[in-house]
Amino acid sequence: VNYSKNSQNLKLKCISVHIGSQILDINPYKKMLKVLEKIIKKSKYQFEFVDLGGGMGISYDNSKKRLNLKKYSVLIKKFLKKNQKIQILYQLKMN
């Protein structure tokens, strides 16, 4: 981040995260958003975008365990409230 702040040829616009795949628990997402907040605050850099990737788990064995998307959206809304100039990018593939 510091390098891009002083560069005439590079403009950093986005920070991306990948925390894994097949994640069914909300806690890793909660932790990831807290880490992002710390990075943004410590770097004192205004990112235009945050790429949250994908990695949301799905049930392949018809078990009842699923990621609670409502809770995840609440976490994202709280993050955006603190970081109002940031837009979220997210990979979502529907078949």
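Presented here is a report on the structure given in the accompanying data block.

Cut-offs used in this document
Residues numbered from 1 in each chain as written. Predicted model: local features only at pLDDT ≥ 70, side-chain atom pairs only at ≥ 80, totals over all residues. Heavy atoms only, no water. Helix = DSSP H or I, 4+ residues; strand = E, 2+ residues; numbered from the N terminus. Buried < 20%, exposed > 50% of the residue type's maximum accessible area, 1.4 Å probe, protein only. Contact = heavy atoms within 4.5 Å. Areas by Shrake-Rupley, 256 points an atom, 1.4 Å probe, with all protein chains shown as cover. Lys, Arg positive; Asp, Glu negative; His and termini not counted. Charge placed at Lys NZ, Arg CZ, Asp CG, Glu CD. Pairing = 2+ DSSP bridges. Axes fitted to C-alpha atoms, helices over the stretch in contact; angles between N-to-C directions. Expected span 1.5 Å × (residues − 1). Arc of directions from axis to C-beta. Core = buried A, V, L, I, M, F, W, Y, C linked by side-chain atoms within 4.5 Å.

Moving on to the overall build of the chain. Summing up its helical and strand segments, the chain has three helices and three strands in all. Each helix (α) and strand (β) of the chain, taken in turn from the N terminus, gives the series α-β-α-β-α-β. Here the chain, with 95 residues, has 27% of them falling under the buried criterion. Relative to all contacts within the chain whose residues are 6 or more apart in sequence, the contacts with residues 24 or more apart total 77%. Working note: accessible area of the chain is about 7600 Å², and carbon and sulfur atoms make up 52% of it. When the 21 positive and 5 negative side-chain charges of the chain are each reduced to one mean point, those points stand 7 Å apart.

Let us now look at the side chain of S43. Looking at the secondary structure, you find S43 in helix α2 (residues 27-43). The exposure class assigned to S43 is buried, which follows from its relative accessible area of 12%. When near neighbours in sequence (up to four residues on either side) are disregarded, S43 contacts V1 and K5.

With respect to topology, three strands assemble into an open sheet ordered β1-β2-β3, the strand pairing being parallel. Of all strands in the sheet, those bounded by a partner on one side alone are β1 (14-16) and β3 (87-89). When the angles between neighbouring strand axes are averaged without regard to direction, this sheet yields 20°. Bridging between β1 and strand β2 (residues 49-51) involves three bridges; their strand directions are parallel. Among the inter-strand pairings, S16 is bridged to a residue of β2, identified as D51.

Our next topic: α2. For α2, which comprises 17 residues, the first-to-last C-alpha distance of 24 Å matches the rise-based estimate of 24 Å (1.5 Å per residue) to within 8%. All of the buried residues in α2 are Y29, M32, L33, L36, I40 and S43. One side of α2 holds all its buried residues, which, seen down the axis, span an arc of 105°. Those residues of α2 that are exposed and aimed more than 90 degrees away from the buried face are K31, K38, K41 and K42. On the buried face of α2, the contacting elements are α1 (2-5), β1, β2 and α3 (69-82).

Turning our eyes to something else, we now look at the nonpolar core. One recurring pattern in soluble globular proteins: nonpolar side chains tend to sit buried together. Within the largest apolar cluster, 19 residues are counted, with the highest numbers of intra-cluster contacts made by M32, L33, L36, V50, L52, Y72 and F79. If you list the elements that add at least two residues to this core, you get α2 and α3. The element contributing the most residues to this core is α2, with five residues.

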